[in-house]
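Chain residues, written in single-letter form:
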Amino acid sequence: SSDHLRHVESMAQLPSGARRISHLNAVILGASLASEENDLVFPSHDFSRQALVSSPEQYRKMYESSIEDPAGFWSEIASQFYWNNKWDPEVYSENIDVRKGTVKLEWFKGGRTNITYNALDRNIEAGNGGKVAIYWEGNEPGDDGQLTYAQLLEKVCQLANYLKHVGVRKGDAVVIYLPMLMELPIAMLACARIGAVHSVVFAGFSAESLAQRIIDCKPKVVITCNAVRRGSKAIHLKEIVDGALIESVKNGVSVGLCLTLENKSAMKREDSKWQEGRDVWWQDVVPQFPIKCSVEWIDAEDPLFLLYTSGSTGKPKGVLHTTGGYMVYSAATFKYAFDYKPSDIYWCTADCGWITGHSYVTYGPLLNGATVVVFEGAPNYPDSGRCWDIVDKYKVTIFYTAPTLVRSLMREGDEYVTRYHRKSLRVLGSVGEPINPSAWRWFYNVVGDSRCPISDTWWQTETGGFMITPLPGAWPQKPGSATFPFFGIQPVIVDEKGNEIEGECSGYLCIKKSWPGAFRTLYGDHERYETTYFKPFAGYYFSGDGCSRDKDGYFWLTGRVDDVINVSGHRIGTAEVESALVSHPHCAEAAVVGVEHEIKGQGIYAFVTLVEGIPYSEELRKSLVLAVRNQIGAFAAPDKIHWAPGLPKTRSGKIMRRILRKIASGQLEELGDTSTLADPGVVDQLIALRDCQ
Ligand code: WTA
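Note that the coordinates shown come from a computational prediction; the quantities given were computed from them, not determined experimentally. (Residues numbered from 1 in each chain as written. Predicted model: local features only at pLDDT ≥ 70, side-chain atom pairs only at ≥ 80, totals over all residues. Heavy atoms only, no water.)

It is not clear to me how the site of the ligand should be interpreted in this structure. Could you clarify?
Near the ligand there are 17 residues, and of these Asp 456, Thr 457, Thr 461, Asp 545 and Arg 571 occur at the shortest range. Contacts to the ligand include Arg 560, whose side-chain N or O atom sits 2.8 Å from an oxygen atom. Contact with the protein chains covers 97% of the free accessible surface of the ligand, which is 520 Å². Contributions of two or more residues to the shell around the ligand are made by α14 (355–367) and β26 (555–560). Among the residues forming the shell around the ligand, the class breakdown is six nonpolar, six polar and five charged. (Near = heavy atom within 4 Å. Polar contact = N/O pair within 3.5 Å; in protein donor to acceptor, adjacent residues only side chain to side chain. Areas by Shrake-Rupley, 256 points an atom, 1.4 Å probe, with all protein chains shown as cover. Helix = DSSP H or I, 4+ residues; strand = E, 2+ residues; numbered from the N terminus. Nonpolar A, V, L, I, M, F, W, Y, C, P; charged D, E, K, R; others polar.)

Take a look at the structure:
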């Protein structure tokens, strides 16, 4: 069948010999090979022997069956969960080809289940009620807590009962704006238990961004806390929510209830601003509710959550995931990509405000009955050894993080790592952006003592779970490559015209057919869903990423090809930053591009044209940056503001970003053809102004 399979097949011949050398330091082996791409890093014999998928051959068999018989393959996995009502005989139906009508994806239609029931009650009934579900580690070392599966269920039920009491019903939206406290996964699970649709907003977003999301999904309740400590700073989250709720009212959306957790270690309730009638302290009400709550059985295709993400226009997209397929997919991908075993202690550093925290802090691991570490703090507080301190404290076996964190810790030096044992670690993971081979090697050699395979998982908010990922015991890895597709996934690389290209090649990464974890729509805008993802290359799902495939069939992600920048693994639309900049009264026009950044992967580089007569100054630069922080959040603050008296435009007025990208990255020799510009002179002017700020 597909191209990569032939390669995997040929690799299946390779192991006996390869396994013998696998005892050597794989990196030494790699160093003797000519190019980066040939740099194979083998899992150790011991690792592979105990792995769920332990050879290319085994992967090939499972992959083939997942492609030849998706219904059978996924039904078998789905059957491991509890379904109150079995799905229709037809396991899935799909139309992903816009030329044949509306794009519509359905999995396990007619089946009724509950993801919280499967994550908690089912595991407790299997005898794991006393197993730790969550280890919580606070910002301050020594500030910690834990909940067993049975205790977690009680907390979830109390909140679920409270939400029902205040009138939240199946299908109602609930916005959650919380830091990484245990109450964040508790709130998600409580919503899911009663069929409410949660929309978690990362607690680093500003009041404006939060308001935008509230206005879009009109929640019955907003759940937050009064404040949070991050590093040595306290952030007053409740005040941000207050601002957002005022803004929402101005736009006709009035939220009647703001359930606020008192986070005592950050701020006392007496010091918190309060609006009687609307605001309620979590601690005053939730603990009074019963610790048992009946389960609402949810249709497989009923919505589970909405998660807003950035696209190429200013308006964030409400990615909608449904219940059954997402449950099956997040659980299966977690299990195989991390080679999960019941004895593992798993830590994912992502915040639940992003998709990684949904699928791989909350749902995927808990559905597997795993013990999860939830960390509230910052990885460099009190110092850069914090992560490894936590690894040793909880004996973490699977550690999943982002390349930006790896790079920033790498810069601090090995001593922060080697000071700690890290003997418990057995699998490492990476997500959010391509991991550069040097960061990969440091992660592998220093953090993992050349012992732990790295699962470099490529996926997206839209895909719900891993799409291209190593199965750590199955085959040799190549530093920087996400390797091969997960079961059921058919990635293809297409050219400009949408033709599939075979073999060694580069192009646009698309996916053929649907998979259970795929998002079903953009909330309230199915047309945008089709236009953005299914129209660019008819017949395929378009990821927005560039990709190449090497001679061995390994996939190498090369980054976004649309107007999205990936800053420290956070997706930010250039249009969002531009609209924040032009909201500043002195900014007439803005054009934002991504540039390579040593730590963040990409940095934000903003060209701004000022209103006639306004001089550029350091003070103005600061207030422009502040405008972005206020409109979006601190994580989207531009790294560079480049004053641009004029922008390079075509005669029809279109900004030529290609040229701006070259100027931003200093590739001044490669500006290309500038003759089609309305005023080619602006290019020289921009270059001249490049270093004077
Ligand atoms: C990028 C995060 C290379 C990619 C899960 C994608 C990656 C976007 C990887 C989605 C990876 C994520 N290698 N690139 N392992 N993982 N990306 O929606 O550009 O926040 O399109 O989901 O991150 O970002 P999102």
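After that view, the rundown keeps rolling.
I keep staring at helix α11 (residues 237–250) and nothing clicks. Help me out?
Over its 14 residues, α11 runs 20 Å from end to end, which matches the ideal 20 Å to within 8%, given 1.5 Å per residue. Turning to α11, its buried residues are Leu 237, Lys 238, Val 241, Asp 242, Ala 244, Leu 245 and Ser 248. After α11 finishes, the residue Gly 252 shows a positive phi value of roughly 80°. (Expected span 1.5 Å × (residues − 1). Buried < 20%, exposed > 50% of the residue type's maximum accessible area, 1.4 Å probe, protein only.)

Can you help me understand the pattern of salt bridges in this one?
Oppositely charged side chains are able to pair whenever their charged atoms sit close together. A complete count under the given rule lists 45 salt bridges for this structure. A salt bridge links Asp 242 to Lys 238; its shortest N-O distance comes to 2.8 Å. Taken together, the residues span about one helical turn, with Asp 242 and Lys 238 both in helix α11 at a distance of four residues. There is no split in this pair, since Asp 242 and Lys 238 are both buried. In this structure, the salt-bridge partner of Asp 545 is Arg 560, at a minimum N-O distance of 3.9 Å. (Salt bridge = Lys/Arg side-chain N within 4 Å of Asp/Glu carboxyl O.)

Would you take a moment to explain the UniProt feature "domain: AMP-dependent synthetase/ligase" (unreviewed entry) in the protein chain for this structure?
Sequence positions flagged by UniProt for "domain: AMP-dependent synthetase/ligase" (unreviewed entry) are, in local numbering, residues 127–514. Within the segment residues 127–514, helix and strand shares are 31% and 23% respectively, and the terminal C-alpha atoms sit 35 Å apart. (UniProt positions renumbered as here; feature names shortened; annotations may be inferred.)

What is the right way to look at the sheet that holds strand β23 (residues 505–512) in this model?
To summarise the sheet geometry, strands pair through backbone hydrogen bonds and adopt either a parallel or an antiparallel arrangement. Pairing in this open sheet of five strands is antiparallel, and the strands run β22-β21-β23-β25-β26 from one edge to the other. Both edges of this open sheet fall to β22 (500–501) and β26, since each of them pairs with a single strand only. Bridge analysis of β23 against strand β25 (residues 541–549) gives six bridges, and the strand direction is antiparallel. Within β25, the position partnered with Cys 510 by the bridge is Phe 542. (Pairing = 2+ DSSP bridges.)

Which parts of the structure should I look at to understand the sheet that holds strand β16 (residues 345–348)?
What the seven strands build is an open sheet, ordered β5-β4-β17-β16-β18-β19-β20; its pairing is mixed. Two strands bound the open sheet, and with one partner strand each, they are β5 (144–148) and β20 (454–456). Along the sheet, successive strands turn relative to each other by an average axial angle of 20°, direction set aside. Judged from the five bridges that link them, strand β4 (residues 132–137) and β5 form a sheet pairing that is antiparallel. When the sheet's bridge partners are listed, Val 132 is paired in β5 with Thr 148. (Axes fitted to C-alpha atoms, helices over the stretch in contact; angles between N-to-C directions.)

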